[in-house]
Amino acid sequence: MTQLGLPEDIQACLFDLDGVVTKTAVVHAAAWKETFDAFLREREGEGFRPFDAGADYDEYVDGRPRADGVRTFLASRGIELPEGHPDDPPDAQTVNGVGNRKNVLLLQRIRTQGVEAYDGTLRYIRAARARGLKTAIVSSSANTRDVLHSTGIEDLFDVRVDGVVAAERGLPGKPRPDTFLAAARDLGVEPSRAAVFEDALAGMDAGRSGRFGYVVGVDRVGQSEALYAHGADIVVKDLAELGGRA
């Protein structure tokens, strides 16, 4: 293992955004809860079963493209909506409408609360780059560029594959490995020479099925066992645990 805690043949690091690089996973979970609770309350009345920002978020939403998250969670409650269109208004009773409502709430929260990055992750990324490793950000979020810009860390990544890029290229999102594979390809690195850094179970599944050289689970919420079960080679609470000094 290297000083970065990675196998010797790793040439690139592929980082998820929310929960790995930036402290936005909790903001996403809150926006999803507000969205789904309002939807379920309107549909089922005050006796509805609320969205669980822990268990439901981890199981059905975290790491997935927005529409997939809507579809997967609602299916868990036996609810099916028409797909609609990506530009549906936030009040439309469609998969895309519900997803767009969540995005409106998310952006409101980001504007009012701001976005912070994890210091341990930033130090690790800088150390990796200093040692010649290539870096990419791989996220299902369509707001990735805005978040990177707002935190001033765009220059830490050679490649960005996010929700916008995935839509442009027709790439399915996590738990499929396609976005990670695209990032490795853009970097000119074989998947077996790339390490994936993820906090979401869907991201673990993507790392495992894509046959990447090393999959690092980042446990911010106490789900270490689940991360291992979904394919992590190692689980850490912060990337600083892996070593690396810029």
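All of these numbers come straight from a predicted model, not from anything done at the bench.

Definitions and cut-offs
- Residues numbered from 1 in each chain as written.
- Predicted model: local features only at pLDDT ≥ 70, side-chain atom pairs only at ≥ 80, totals over all residues.
- Heavy atoms only, no water.
- Helix = DSSP H or I, 4+ residues; strand = E, 2+ residues; numbered from the N terminus.
- Buried < 20%, exposed > 50% of the residue type's maximum accessible area, 1.4 Å probe, protein only.
- Polar contact = N/O pair within 3.5 Å; in protein donor to acceptor, adjacent residues only side chain to side chain.
- Contact = heavy atoms within 4.5 Å.
- Pairing = 2+ DSSP bridges.
- Axes fitted to C-alpha atoms, helices over the stretch in contact; angles between N-to-C directions.
- Arc of directions from axis to C-beta.
- Core = buried A, V, L, I, M, F, W, Y, C linked by side-chain atoms within 4.5 Å.
- Expected span 1.5 Å × (residues − 1).
- Salt bridge = Lys/Arg side-chain N within 4 Å of Asp/Glu carboxyl O.

With that settled, consider the side chain of Asn 103. Of note, Asn 103 is situated in helix H4 (residues 95–113). For Asn 103, a relative accessible area of 14% puts it in the buried group. Among the polar contacts made by the side chain of Asn 103, one reaches the side chain of Arg 66 at a distance of 3.2 Å. Filtering out sequence-adjacent residues up to four positions away, Asn 103 remains in contact with Arg 66 and Asn 143.

Alternating residues of strand S1 (residues 12–15) divide into Ala 12 and Leu 14 and Cys 13 and Phe 15, and every residue in both groups is buried. As paired elements, S1 and strand S2 (residues 134–138) share four bridges and run parallel to each other. If you follow Cys 13 over to S2, its bridge partner there is Thr 135. For S1 and strand S4 (residues 194–198), the ladder comprises four bridges, and the chain directions are parallel. Within S4, the residue paired with Leu 14 across the bridge is Val 196.

A separate point is the environment of Val 138. For Val 138, the location among the structural elements is in strand S2. On the accessibility criterion, Val 138 (0% relative accessible area) is buried. Each C-alpha atom, one on Val 138 and one on Ile 10, is 17 Å from the other, the two residues being 128 residues apart in sequence. In contact with Val 138, other than residues within four places in its own chain, are Leu 14, Phe 15, Asp 16, Leu 17, Val 161, Lys 174, Thr 179, Phe 180 and Ala 183.

This part takes up the sheet that holds S4. Ordered by their spatial adjacency, six strands build an open sheet running S3-S2-S1-S4-S5-S6, and the pairing between neighbours is parallel. Two strands close off the open sheet at either side, each with one partner strand: strand S3 (159–161) and strand S6 (234–236). Taking the axes of each pair of neighbouring strands and ignoring which way they run, one obtains an average angle of 20 degrees across the sheet. Here strand S5 (residues 214–218) pairs with S6 via three bridges, running parallel.

Right, let's talk about the environment of Asp 238 for a bit. The residue Asp 238 is located in the segment after S6 in this model. C-alpha separation for the pair Asp 238 and Arg 220, spaced 18 residues apart in sequence, amounts to 7.8 Å. Excluding residues that lie within four positions of it along the chain, Asp 238 makes contacts with Gly 120, Thr 121 and Arg 220.

So, on to helix H3 (residues 66–76). Given 3.6 residues per helical turn, the α-helix brings residues three or four places apart onto the same face. What H3 keeps buried is the set Gly 69, Val 70, Phe 73 and Leu 74. Buried residues in H3, looked at end-on, bunch into an arc of 115 degrees, giving them a common side. Those residues of H3 that are buried lie in contact with helix H1 (25–44), helix H2 (55–61) and H4. Positive backbone phi, at 75 degrees, marks Gly 78, one or two positions downstream of H3.

So, on to the nonpolar core. Formed by 35 residues in total, the largest nonpolar core has its most connected members in Leu 6, Phe 15, Val 21, Phe 157, Phe 197 and Leu 239. Element by element, the count of residues in this core is highest for helix H5 (residues 119–130), at five residues. Those residues within four positions of Leu 6 in sequence are excluded, and the remaining contacts are Met 1, Cys 13, Tyr 124, Leu 133, Ala 195, Phe 197, Tyr 214 and Val 216. Grouped together as the second largest cluster of nonpolar side chains are 19 residues, Ala 136, Leu 171, Leu 187 and Ala 206 included.

What follows concerns H1. Under the 1.5 Å per step criterion, the end-to-end length of H1 is 28 Å for 20 residues, consistent within 8% with the ideal 28 Å. Considered for burial, the residues of H1 that qualify are Ala 25, Val 27, His 28, Ala 29, Ala 31, Trp 32, Thr 35, Phe 36, Asp 37, Phe 39 and Leu 40. Buried residues belonging to H1 abut H2, H3 and H4. Of the residues flanking the end of H1, it is Gly 45, one or two places downstream, whose phi is positive at about 85 degrees.

The next thing to look at is the pattern of salt bridges. Counted by the stated rule, this structure contains 16 salt bridges. One salt bridge connects Arg 176 with Asp 178, and the closest N-O pair in it is separated by 3.4 Å. Here Arg 208 ties to Asp 205 by a salt bridge, and the two come within 3.3 Å at their closest N and O atoms. Of this pair, Arg 208 and Asp 205 both sit in helix H9 (residues 201–209), three residues apart, roughly one helical turn. Taking relative accessible area as the criterion, Arg 208 reaches 46% and is therefore assigned partly exposed. A residue is classified by how much of its surface remains accessible, and Asp 205, at 18% relative accessible area, is buried.

Treat this as a map of the structure, not an account of what it does.
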